[in-house]
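Here is how the chains run, residue by residue.
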Amino acid sequence: MQLEGITALVVDDHRDTLELAGMVLEWDGAHVLEAKSAEEALKLLDRNAVDVVVCDIYLPRLDGRAFVRELRRRHDQKREIPALAVSGDADPERVQLALDAGFDKFQAKPLDTDVLVEQVRRLVGR
């Protein structure tokens, strides 16, 4: 339960990945907010304090890179929210694009749940 007291926002348009990531983080003690789109995630961020974001890169309409840039623009004035990019496309160039957009770390899909939890723990300093 190393994520006790942490609020994580998980953003993914694929229901299975969204539910898996949320469930795994909850098992480790996190409170999890889930969004199926970047637009929904931004609305949740406007109403909730979040300690970490886990976000798919390929979202409909507003993709994960645009989302994290908007996250940084809106929220960095208060404090930086660490963000983990997830994607089935782990080509080194795509990974670098995600990091350049403002993500702190990258994890390939399909998600390895142990790696996911470890990445989130590191991002929140646990």
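Attention here is on the structure that accompanies the text. Note that residues are indexed from 1 along each chain, following the sequence as it is written. Two thresholds apply to this predicted model, a pLDDT of at least 70 for residue-level local features and 80 or more for giving and counting side-chain atom pairs, whereas whole-chain, interface and lining totals are computed over all residues. Values shown for side chains rest on all heavy atoms present in the structure; no hydrogens or waters enter the calculation.

## Digging into the environment of Asn-48
- Here a strand is any run of E in DSSP of at least two residues, a helix any run of H or I of at least four, and the numbering for each starts at the N terminus. Counting through the fold element by element, Asn-48 comes out in the loop between α2 (38–47) and β3 (52–56).
- Judged by its relative accessible area of 30%, Asn-48 falls in the partly exposed class.
- A sequence separation of 39 residues divides Asn-48 from Leu-9, and the C-alpha atoms of the two residues are 9.6 Å apart.
- For this analysis, a polar contact is any N or O atom pair within 3.5 Å, provided that within protein one partner can donate a hydrogen and the other can accept it, and provided that sequence-adjacent residues contribute only side-chain to side-chain pairs. A polar contact is formed between the side chain of Asn-48 and the backbone oxygen of Leu-44, at a distance of 2.8 Å. With a 1.4 Å probe rolled over the protein chains alone, any residue whose accessible area is under 20% of its type maximum counts as buried; one over 50% counts as exposed, and the rest are partly exposed.

## What about the nonpolar core?
- The definition of a nonpolar core used throughout is a set of buried Ala, Val, Leu, Ile, Met, Phe, Trp, Tyr and Cys residues joined through side-chain atoms within 4.5 Å. Judged by nonpolar contacts, the single largest core of 25 residues is most densely connected at Leu-9, Val-11, Leu-45, Val-53, Phe-67 and Phe-103.
- Listed by contribution, the elements that provide at least two residues to this core are β1 (7–11), β2 (31–35), α2, β3, α3 (64–75), β4 (83–87) and α4 (92–101).
- The contact definition used throughout considers only heavy atoms, calling two residues in contact when any of these lie within 4.5 Å. Look past the residues within four positions of Leu-9 in its chain and what remains in contact with it is Leu-33, Ala-35, Ala-41, Leu-44, Leu-45, Val-50, Val-52, Val-53, Val-54 and Phe-67.
- Among the nonpolar cores identified, the runner-up in size contains 19 residues, and Val-24, Val-86, Leu-111 and Leu-116 belong to it.

## Details of the pairing of strand β5 (residues 105–108)
- When DSSP finds at least two bridges between two strands, those strands are taken to pair. As judged from the four bridges shared by β4 and β5, these two strands associate in the parallel manner. Each residue of the ladder has a partner; that of Ser-87, found in β5, is Ala-108.
- Here a crossover is taken to be right-handed if, once the strands point away from the viewer, the path from the first strand over the helix to the second is traced clockwise. What joins β4 to β5 is α4, and the crossover it makes is right-handed.

## Focus: helix α1 (residues 15–27)
- Any helix carries an expected span of 1.5 Å times its number of residues minus one. If you check α1, its first and last C-alpha atoms are 18 Å apart, about what 13 residues at 1.5 Å a residue would give, namely 18 Å.
- At the C-terminal side of α1, Gly-29 shows a positive phi close to 105 degrees.

## Some remarks on the pairing of β2
- Bridging between β1 and β2 involves five bridges; their strand directions are parallel. Pairing of Leu-9 across the sheet is with Leu-33, part of β2.
- Once you follow β1 into α1 and on to β2, the crossover reads as right-handed.

## Considering the packing of α1 against helix α5 (residues 113–123)
- In this analysis, axes come from line fits to C-alpha atoms, helices being fitted only over the stretch in contact, and the angle between any two N-to-C directions falls in the range 0 to 180 degrees. Packing of α1 against α5 brings their axes to within 10 Å, and their N-to-C directions diverge by 60 degrees. Viewed along their axes, α1 and α5 adopt a mutual orientation that is oblique. Crossing of α1 over α5 shows right-handed handedness. Contacts between α1 and α5 involve Leu-20, Ala-21, Val-24 and Leu-25 from the first element and Thr-113, Leu-116, Val-117 and Val-120 from the second.
- Basically, the charged four are Asp, Glu, Lys and Arg, the nonpolar ten are Ala, Val, Leu, Ile, Met, Phe, Trp, Tyr, Cys and Pro, and anything else, Gly included, counts as polar. Of the residues contributing to the contact of α1 with α5, the split by class is seven nonpolar, one polar and no charged. We call two directions roughly parallel when the angle between them is under 35 degrees, roughly antiparallel when it is over 145, roughly perpendicular when it lies between 65 and 115, and oblique otherwise. Crossing chirality is assigned from the near helix's rotation relative to the far helix, an anticlockwise turn below a right angle marking it left-handed and a clockwise turn marking it right-handed.

## Comments concerning the environment of Val-52
- Structurally, Val-52 is set in strand β3.
- Overall, the relative accessible area of 0% leaves Val-52 in the buried class.
- In this structure the C-alpha to C-alpha distance between Val-52 and Ala-30, which are 22 residues apart in sequence, comes to 10 Å.
- Not counting residues up to four positions away in its chain, the partners in contact with Val-52 are Ile-6, Thr-7, Ala-8, Leu-9, Ile-81, Pro-82, Val-120, Leu-123 and Val-124.

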